[in-house]
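# Fold and contact review
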Amino acid sequence: MVKVAHVQLSSCCGCLISLTDTYEKLLEILNSIELVYCQTLIDVREIKECDVALVEGSVCLEDHHALEVAKEVREKAKIVVALGACAAFGGLTRYCKGNQLPKPVNSSFSPLTEVIKVDYSIPGCPPSPEAIYSFIKALLNNDEAYLKPYKLLAEMPEVCGCDLLYKVVNKELCMGCGTCSASCPTRAITMVDGRPVVDPVLCIKCGLCSFQCPRILYPSLLEEIE
Ligand code: SF4
Ligand code: SF4
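Residues numbered from 1 in each chain as written. Chains lettered and ligands numbered in written order. Predicted model: local features only at pLDDT ≥ 70, side-chain atom pairs only at ≥ 80, totals over all residues. Heavy atoms only, no water.

Of all residues adjacent to ligand 2, which total 14 residues, the nearest are Cys174, Cys177, Gly178, Cys180 and Cys213. Its residues assigned to classes, the shell around ligand 2 shows ten nonpolar, three polar and one charged. (Near = heavy atom within 4 Å. Nonpolar A, V, L, I, M, F, W, Y, C, P; charged D, E, K, R; others polar.)

Here it is in structure tokens:
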């Protein structure tokens, strides 16, 4: 039985809700794992030793408890997964400036990937139920080929809709498929003359558009073939 912990840092709990939105597939997952820690679902007060920790939320740098939890997760979990945009890239918390009661001092938030070593990042705000289910199945089956893009994402603490411009459009790789626009949860991407145009005001830095773009990994795939 694979021991799994769910840890929530500065997040809205939407990633866990997305996981439970898998309905009957969740029961299938629960048959293959032992949930050893999840403050929302089970009454266990301390993070346990586990095989996989699914961590959602970014880390508030002024909150010593949050920093300790992040460190503890790394010590107790063999595999740490940043679940969702906030843990993986900062997401909406990139825009936090503090000055709000009851803790006006809490103003700086970093993605988990900037605070501890993370093994895999799952993009999305939230990641879709299907994406979370497929990721966990791949993890349970040790499917390295499927997991590779998630591993690459874990090494990228910053994402933005602008990545499409820098890494795809400016490199003559865009084929105008519109997948990026369809995947954006805030409709920040409009296709103009067959190319994506990103509204930076609407972008919440969730990483989905880059993850879904079929051409963004093209240069590194070519390098592998060569
Ligand atoms: S443009 Fe949309 S999909 Fe891309 S990172 Fe921003 S919010 Fe996410
Ligand atoms: S998903 Fe990639 S290839 Fe398709 S339109 Fe967007 S940037 Fe271009």
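Moving on to the nonpolar core. Membership of the largest hydrophobic core comes to 26 residues, with the highest contact counts inside it found for Val7, Leu9, Val55, Val73, Val80, Leu112 and Val118. For this core, the element with the highest residue contribution is helix H3 (residues 64-76), accounting for four residues. For valine 7, the contacting residues outside a window of four places in its chain are Tyr37, Ile47, Leu54, Val55, Glu56, Val69 and Val73. Listed in part, the 23 residues of the second largest apolar core include Val4, Leu26, Ile29 and Ile136. (Core = buried A, V, L, I, M, F, W, Y, C linked by side-chain atoms within 4.5 Å. Buried < 20%, exposed > 50% of the residue type's maximum accessible area, 1.4 Å probe, protein only. Helix = DSSP H or I, 4+ residues; strand = E, 2+ residues; numbered from the N terminus. Contact = heavy atoms within 4.5 Å.)

The subject of this paragraph is the site of ligand 1. Taken together, the residues surrounding ligand 1 are Gly161, Cys184, Pro185, Thr186, Ile189, Cys203, Ile204, Lys205, Cys206, Gly207 and Cys209. Its residues assigned to classes, the shell around ligand 1 shows seven nonpolar, three polar and one charged.

The next thing to look at is the pattern of salt bridges. Counting across every chain of the model gives seven salt bridges. Close ionic contact of glutamate 28 with lysine 137 constitutes a salt bridge, the shortest N to O distance being 3.0 Å. Here glutamate 28, found in helix H2 (residues 24-32), pairs with lysine 137, found in helix H6 (residues 129-140); they are 109 residues apart in sequence, far enough to count as distant. The exposure class assigned to lysine 137 is partly exposed, which follows from its relative accessible area of 27%. The salt bridge partner of glutamate 114 is arginine 94, with a shortest N-O separation of 3.5 Å. Of this pair, glutamate 114 sits in helix H5 (residues 112-115) while arginine 94 sits in the loop between helix H4 (85-89) and strand E6 (109-110), placing them 20 residues apart in sequence. (Salt bridge = Lys/Arg side-chain N within 4 Å of Asp/Glu carboxyl O.)

Bringing the packing of H2 against H6 into the picture now. Remark: H2 packs on H6, axes separated minimally by 11 Å, with the N-to-C direction vectors making an angle of 25 degrees. The angle between the axes of H2 and H6 places the two elements in the roughly parallel class. Both H2 and H6 take part in a crossing whose hand is left-handed. For the pair H2 and H6, the contacting residues are Lys25, Glu28, Ile29 and Ser32 in the first and Glu130, Tyr133, Ile136, Lys137 and Leu140 in the second. Taken together, the residues of the contact of H2 with H6 sort by class into four nonpolar, one polar and four charged. (Axes fitted to C-alpha atoms, helices over the stretch in contact; angles between N-to-C directions. Parallel < 35°, antiparallel > 145°, perpendicular 65-115°, else oblique. Left-handed = near helix turned anticlockwise from the far one by under 90°.)

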